[in-house]
Amino acid sequence: MNAQTLAHRAYAQNARSTQTPRGTEYELIARVTHRIKAAAEAGPRSYPKLVEALSDNQRLWTALAVDVADSDNALPAELRARIFYLAEFVQHQTSQVLTKKARVRPLLEINAAILKGLSGRSTQK
């Protein structure tokens, strides 16, 4: 192992330990969104990967819903309600996608909008 590899590992560990909760949320949503998109674009042979990615997305949105339902959550009540509604929509849309009654695109669009919000970029054009 060379010095560059050791330095990279040390820096990466330190960077992860100082990441904000917002940064962690962004990273998790970005990863699962990428996995959903890749599996959907890969076609029918990747259906098991799509199922796995959608399941992870559902777990992520369930965690977000639980978080915003907590009375100690510091987000404004209106934003908390919107996030909770989105979590419910994600659950319903996912079941529709899995039974091949709906497309995955709305799920990708929701996650992309959340990523824009977490990054501080405007969602309006």
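Residues numbered from 1 in each chain as written. Predicted model: local features only at pLDDT ≥ 70, side-chain atom pairs only at ≥ 80, totals over all residues. Heavy atoms only, no water.

The chain carries the name Flagellar biosynthesis regulatory protein FlaF in an unreviewed UniProt entry, which gives Antarctobacter heliothermus as its organism.

S.K.: I'd like a description of the packing of helix H4 (residues 77-98) against helix H5 (residues 105-119), backed by residues and values.
M.R.: Contact geometry for H4 and H5: axes closest at 10 Å, N-to-C directions at 150°. When the axes of H4 and H5 are compared, the pair comes out roughly antiparallel. Seen from above, H4 lies across H5 with left-handed handedness. The segment H4 lies against H5, with Leu86, Phe89, Val90, Gln93, Thr94 and Val97 engaging Pro106, Leu107, Ile110 and Ile114. For the contact of H4 with H5, the class distribution of residues is eight nonpolar, two polar and no charged. (Axes fitted to C-alpha atoms, helices over the stretch in contact; angles between N-to-C directions. Helix = DSSP H or I, 4+ residues; strand = E, 2+ residues; numbered from the N terminus. Parallel < 35°, antiparallel > 145°, perpendicular 65-115°, else oblique. Left-handed = near helix turned anticlockwise from the far one by under 90°. Contact = heavy atoms within 4.5 Å. Nonpolar A, V, L, I, M, F, W, Y, C, P; charged D, E, K, R; others polar.)

S.K.: So what's going on with the layout of surface pockets? Which residues, and what values?
M.R.: Roughly 520 Å³ of internal volume is contained in the largest pocket. Surrounding the largest pocket, 18 residues form its lining, Leu75, Leu79, Ile83, Ile114 and Leu118 being those nearest its centre. Sorting the residues of the lining of the largest pocket by element identifies helix H2 (21-42), helix H3 (47-69), H4 and H5 as the ones contributing at least two each. Partitioning the lining of the largest pocket into residue classes produces 11 nonpolar, three polar and four charged. Taken as a whole, the second largest pocket encloses approximately 300 Å³ of empty space. Along its surface, the second largest pocket is lined by Ala39, Ala40, Gly43, Pro44, Tyr47, Leu50, Val97, Lys100, Ala102, Arg103 and Val104. Residue assignment for the lining of the second largest pocket shows that the elements contributing at least two residues are H2 and H3. (1 Å grid on protein atoms, 1.4 Å probe; cavity = no way out; pocket = protein on both sides within 12 Å on 5 of 7 lines; lining within 4 Å. Points joined across faces, edges and corners; volume = space filled by probe spheres on them.)

S.K.: Can you explain the packing of H3 against H5? Please cite residues and give values.
M.R.: Where H3 meets H5, the axes come as close as 13 Å, and the angle between the chain directions of the two elements is 45°. One way to sum up the angle between H3 and H5 is to call them oblique. Considering how the two elements wind past one another, H3 and H5 form a crossing that is left-handed. Taken together, the residues of H5 that come into contact with H3 (itself represented by Leu54, Asn57 and Trp61) are Leu107, Ile110, Asn111 and Ile114. Each residue belonging to the contact of H3 with H5 can be placed in one class, and the counts come to five nonpolar, two polar and no charged.

S.K.: Describe H5, listing the residues and the values that go with them.
M.R.: Here H5 contains 15 residues, and its C-alpha end-to-end distance of 21 Å stays within 8% of the 21 Å for a straight helix at 1.5 Å per residue. Looking at H5, one finds that the buried residues are Leu107, Leu108, Ile110, Asn111, Leu115 and Leu118. Projection of H5 onto a plane perpendicular to its axis shows the buried side chains occupying an angular sector of 160°, all on one side. Where H5 is buried, its residues contact H2, H3 and H4. In the segment just after H5, Gly120 is the residue with positive phi, at about 90°. (Expected span 1.5 Å × (residues − 1). Buried < 20%, exposed > 50% of the residue type's maximum accessible area, 1.4 Å probe, protein only. Arc of directions from axis to C-beta.)

S.K.: Describe the nonpolar core, and please don't skip the residues or the numbers.
M.R.: Counting residues in hydrophobic clusters, the biggest one holds 22 residues, and the most contacted among them are Ile29, Ile36, Leu54, Trp61, Leu64, Val104 and Leu107. Here this core takes eight residues from H3, the largest share from any one element. Here Leu107 is in contact with Leu54, Val90, Gln93, Thr94 and Val97, once residues within four sequence places are set aside. (Core = buried A, V, L, I, M, F, W, Y, C linked by side-chain atoms within 4.5 Å.)

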